[in-house]
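# Coordinate analysis (summary)
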Amino acid sequence: MNPVVAAPMAGGPSTPALVAAVARAGGFGYLAAGYLTADALAAQLAELRQRSEEPFGVNLFLPDPSPRTRRRDRAVAAYARRITGEARAVLVELGDPHPATDPDDGPGLDAKIRVLAADPPDTISVTFALPDADRLAALRATGARLLATVTSPEEARAAADAGFDGLVVQGTDAGGHRGTHAVAVEPNDVDTIDLVRALRPHTALPLVAAGGIADAAGVRRALDAGAEQVQLGTAFLRTDEAGTSATHRDALADPAFSGTTVTRAFTGRAARALTNRFAVEHGPAAPAAYPELHHLTRPVRTAAAKAGDTERLHLWAGVHFRRATDGPAAEVVRALL
């Protein structure tokens, strides 16, 4: 089995073309259903089926189980006042932190699960939480293999107890959002290899190492630590088939960016990104409020991407972003082996 997995990267980078290219090279890829409506997910599934007959996965974002509170609403409102000038600078209004519909919660999420039941992938992975009993039963009924993203031994035990078929083990070195099972949890600083080593003696479930892996040597270290597969996202961000914005692509290769930081500034969830002005100035003031901050800042980030503005854009990246190369995704897969 080829151990290379192309991670789900919501918001554009993961495309049917990327998943198909990775599959043709012998790897395994994920469509990212996060932020997509059910109709958009169905369209991506149909496109991927036309491009490839190889197995693939779909990743779902799950809603945080903690209740909405007035204190949290006040913190979001204060943050909105703080960043109003950022929106004005790119000639947009801040988004509604509580839109009428959210494709990753309530009826929107349930509609996506129905899409997957009608056209099931080989694997469904979940991120940000574990499903409640009804949604877990609905996911199980699809017949797909079910994987849960975990960032700690406690989350791993909870996923195993819930009956998941495998664990995506995400360490601190991963780019993008940390998959902690509650928004307010401060993510640990354990790297992926150490987390795999810590979990391996305590579970027989297959482990997928996710984060901080950028070359063949990293793949081997993860497999030696006890992982069955390795999941990479940043390594594919600049590939020809990825849907990464031009602004994000250019920033990954720009020597002006020398490192990454973990910040809540853009979405309210801890996430690793290239260190830019927005993260530095607003990160310390950002409340643990996802998806409210995601909805709030989305118009700013969309405008920044279109304008080539790297200082207001969420430039998700893992610690080894410098090793991300352009060219066909198949070449990345071959290099990792």
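Use the structure listed above.
Every value quoted in this text rests on a predicted model; they were computed, and no experiment measured them.

## Comments concerning the pairing of strand β8 (residues 207-210)
By the alternation rule, side chains of β8 split into Leu207 and Ala209 and Val208 and Ala210, which are all buried. Here four bridges tie strand β6 (residues 166-170) to β8, and the two strands are oriented parallel to one another. Bridge pairing in β8 links Gln170 to Ala210. Direction of pairing for β8 relative to strand β9 (residues 229-232): parallel, over a ladder of three bridges. Residue pairing in the sheet places Val208 in a bridge with Gln229 of β9.

## As for the environment of Thr239
Assignment of secondary structure puts Thr239 in the loop between β9 and α9 (246-253). Under the relative-accessibility criterion, Thr239 is labelled buried at 0%. Between the alpha carbons of Thr239 and Arg249 there is a distance of 9.1 Å; along the sequence they are 10 residues apart. Among residues more than four places away in sequence, those in contact with Thr239 are Leu18, Arg249, Thr325, Gly327, Pro328, Ala329 and Val332.

## What to know about the packing of helix α2 (residues 38-51) against helix α4 (residues 106-118)
Helix-helix packing is described using two parameters, namely the angle between the two axes and the distance between the axes. In the contact formed by α2 and α4, the axes pass within 8 Å of each other and the chain directions differ by 25 degrees. When the axes of α2 and α4 are compared, the pair comes out roughly parallel. The two elements α2 and α4 meet at a crossing, and its hand is right-handed. Packed against α2, whose contacting residues are Ala38, Leu41, Ala42 and Leu45, the element α4 presents Ala111, Lys112, Val115 and Leu116 at the interface. Considered class by class, the residues forming the contact of α2 with α4 number seven nonpolar, no polar and one charged.

## Describing the side chain of Arg301
When you line up the elements, Arg301 lands in helix α11 (residues 292-307). Among buried charged residues, Arg301 stands out as having no salt bridge; its nearest opposite-charge side chain is Asp104, 11 Å away. What Arg301 contacts, discounting residues up to four positions off in sequence, is Phe266, Thr267, His294, Arg312, Leu313 and His314.

Conventions and cut-offs
- Residues numbered from 1 in each chain as written.
- Predicted model: local features only at pLDDT ≥ 70, side-chain atom pairs only at ≥ 80, totals over all residues.
- Heavy atoms only, no water.
- Buried < 20%, exposed > 50% of the residue type's maximum accessible area, 1.4 Å probe, protein only.
- Helix = DSSP H or I, 4+ residues; strand = E, 2+ residues; numbered from the N terminus.
- Pairing = 2+ DSSP bridges.
- Contact = heavy atoms within 4.5 Å.
- Axes fitted to C-alpha atoms, helices over the stretch in contact; angles between N-to-C directions.
- Parallel < 35°, antiparallel > 145°, perpendicular 65-115°, else oblique.
- Left-handed = near helix turned anticlockwise from the far one by under 90°.
- Nonpolar A, V, L, I, M, F, W, Y, C, P; charged D, E, K, R; others polar.
- Lys, Arg positive; Asp, Glu negative; His and termini not counted.
- Salt bridge = Lys/Arg side-chain N within 4 Å of Asp/Glu carboxyl O.

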